[in-house]
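The primary structure of each chain is shown beneath.
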Amino acid sequence: MKKHEFHDDEEKKLITAYERGEFKPVKDQKGAKRTAVDAAKRYMRKDARINIRLSTADLEMLKQRAVEEGLPYQSLIASVLHKYVNGSVLSGKKER
């Protein structure tokens, strides 16, 4: 395995587990791959629609941040909400 200079904590844990031989091959790799791909497609499908009212100022700030991130503003909103419900985003005011 080629050594990379940058690894986050999760990558380091996975590399350590792999090097210890903790990963075992599955018997039906094609079936396992198909199951994983199907699950990913279901997870990533955006099939629910919502309407939300925001202040003009908040919407303009969201649009500005979206431009900075190189995303459509609706995708940025969906991403922030997704991270929040999964516990990846801390609630509270961000320090500047």
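The coordinates are above.
Bear in mind that the values here come from a model prediction, so they are computed numbers and not experimental data.

Colleague: It is not clear to me how a nonpolar patch on the surface should be interpreted in this structure. Could you clarify?
Modeller: A cluster of nonpolar side chains, namely Ile-50, Ile-52, Leu-54 and Leu-81, defines an oily patch on the protein surface of about 410 Å² accessible area. As for its placement among the helices and strands, Ile-50 is situated in the loop between helix H2 (29-44) and helix H3 (56-69). Residue Ile-50 is classed as exposed on the basis of its relative accessible area of 60%.

Colleague: Is there a simple way to explain the packing of H3 against helix H4 (residues 73-85) in this structure?
Modeller: The relative placement of two packed helices comes down to the angle between their axes together with the axis-to-axis distance. Where H3 contacts H4, the axes come no closer than 8 Å and their chain directions differ by 95°. If you check the angle between H3 and H4, you find them roughly perpendicular. Each of Leu-59, Leu-62, Lys-63, Arg-65, Ala-66 and Glu-69 in H3 lies in contact with H4, whose residues at this interface are Tyr-73, Leu-76 and Ile-77. A breakdown of the residues in the contact of H3 with H4 according to their chemical character gives six nonpolar, no polar and three charged.

Colleague: Explanation requested: the pattern of salt bridges in the structure shown.
Modeller: Where side chains of opposite charge bring their charged atoms close, a pairing between them can arise. All told, the structure shown has three salt bridges when counted by the stated rule. Across the salt bridge formed by Asp-47 and Arg-45, the nearest N and O atoms sit 3.8 Å from each other. With its nearest N and O atoms 3.6 Å apart, the salt bridge here joins Arg-65 to Glu-68. Remark: Glu-68 and Arg-65 occur in helix H3; sequence separation between them is three residues, near one turn of the helix. Among the residues examined, Arg-65 registers a relative accessible area of 35% and is labelled partly exposed.

Colleague: Could you clarify how one ought to interpret the packing of aromatic side chains in this entry?
Modeller: The way to describe two aromatic rings as a pair is by their centre distance and the angle between their planes. Under the defined criterion, the tally for this structure stands at one aromatic pair. Their ring planes at 40° and their centres at 6.5 Å tell us that Tyr-18 and Phe-23 sit as a pair that is tilted. For Tyr-18, a relative accessible area of 53% puts it in the exposed group. The cationic tip of Lys-63 hangs over the ring face of Tyr-73; the distance from NZ or CZ to the ring centre is 5.0 Å.

Rules of the game
- Counting of residues starts from 1 at the beginning of each chain's written sequence and follows it residue by residue.
- Given that this is a predicted model, residues contribute local features only at a pLDDT of at least 70 and side-chain atom pairs are listed and counted only at 80 or more, while totals for whole chains, interfaces and linings are drawn from all residues.
- To obtain the side-chain values, all non-hydrogen atoms of the structure were used and water was disregarded.
- Grouping into patches uses exposed residues only, defined as over 30% relative accessible area, and leaves out salt-bridged ones; the cut-off is 9 Å for like charges and 5 Å for nonpolar side chains (Val, Leu, Ile, Met, Phe, Trp, Tyr).
- To measure how exposed things are, a 1.4 Å probe is used in the Shrake-Rupley method; for residues, cover is taken only from the protein chains shown.
- We count a salt bridge whenever a side-chain nitrogen from Lys or Arg sits within 4 Å of a carboxyl oxygen from Asp or Glu.
- Helical segments are the DSSP runs of H or I of at least four residues, strand segments are the runs of E of at least two, and each set is numbered from the N terminus.
- Relative accessibility thresholds used throughout: buried, under 20% of the residue-type maximum; exposed, over 50%; partly exposed, between the two (1.4 Å probe, protein chains only).
- Orientation is described by axes fitted as lines to C-alpha atoms, over the contacting stretch for helices, and by angles from 0 to 180 degrees between their N-to-C directions.
- If an angle is under 35 degrees, it is roughly parallel; if it is over 145, roughly antiparallel; if it lies from 65 to 115, roughly perpendicular; otherwise it is oblique.
- Throughout, a contact is declared for two residues whenever any of their heavy atoms are within 4.5 Å.
- Ten residues, namely Ala, Val, Leu, Ile, Met, Phe, Trp, Tyr, Cys and Pro, are considered nonpolar, four, namely Asp, Glu, Lys and Arg, are considered charged, and the remaining ones, Gly among them, are considered polar.
- Any Phe, Tyr or Trp ring, taking Trp's six-membered ring, that has another such ring centre within 6.5 Å forms a pair; planes under 30 degrees apart are called stacked, those over 60 apart edge-to-face, and the others tilted.
- Placement of a positive charge over a ring is assigned whenever Lys NZ or Arg CZ falls within 6 Å of the ring centre and within 35 degrees of the normal to the ring plane.

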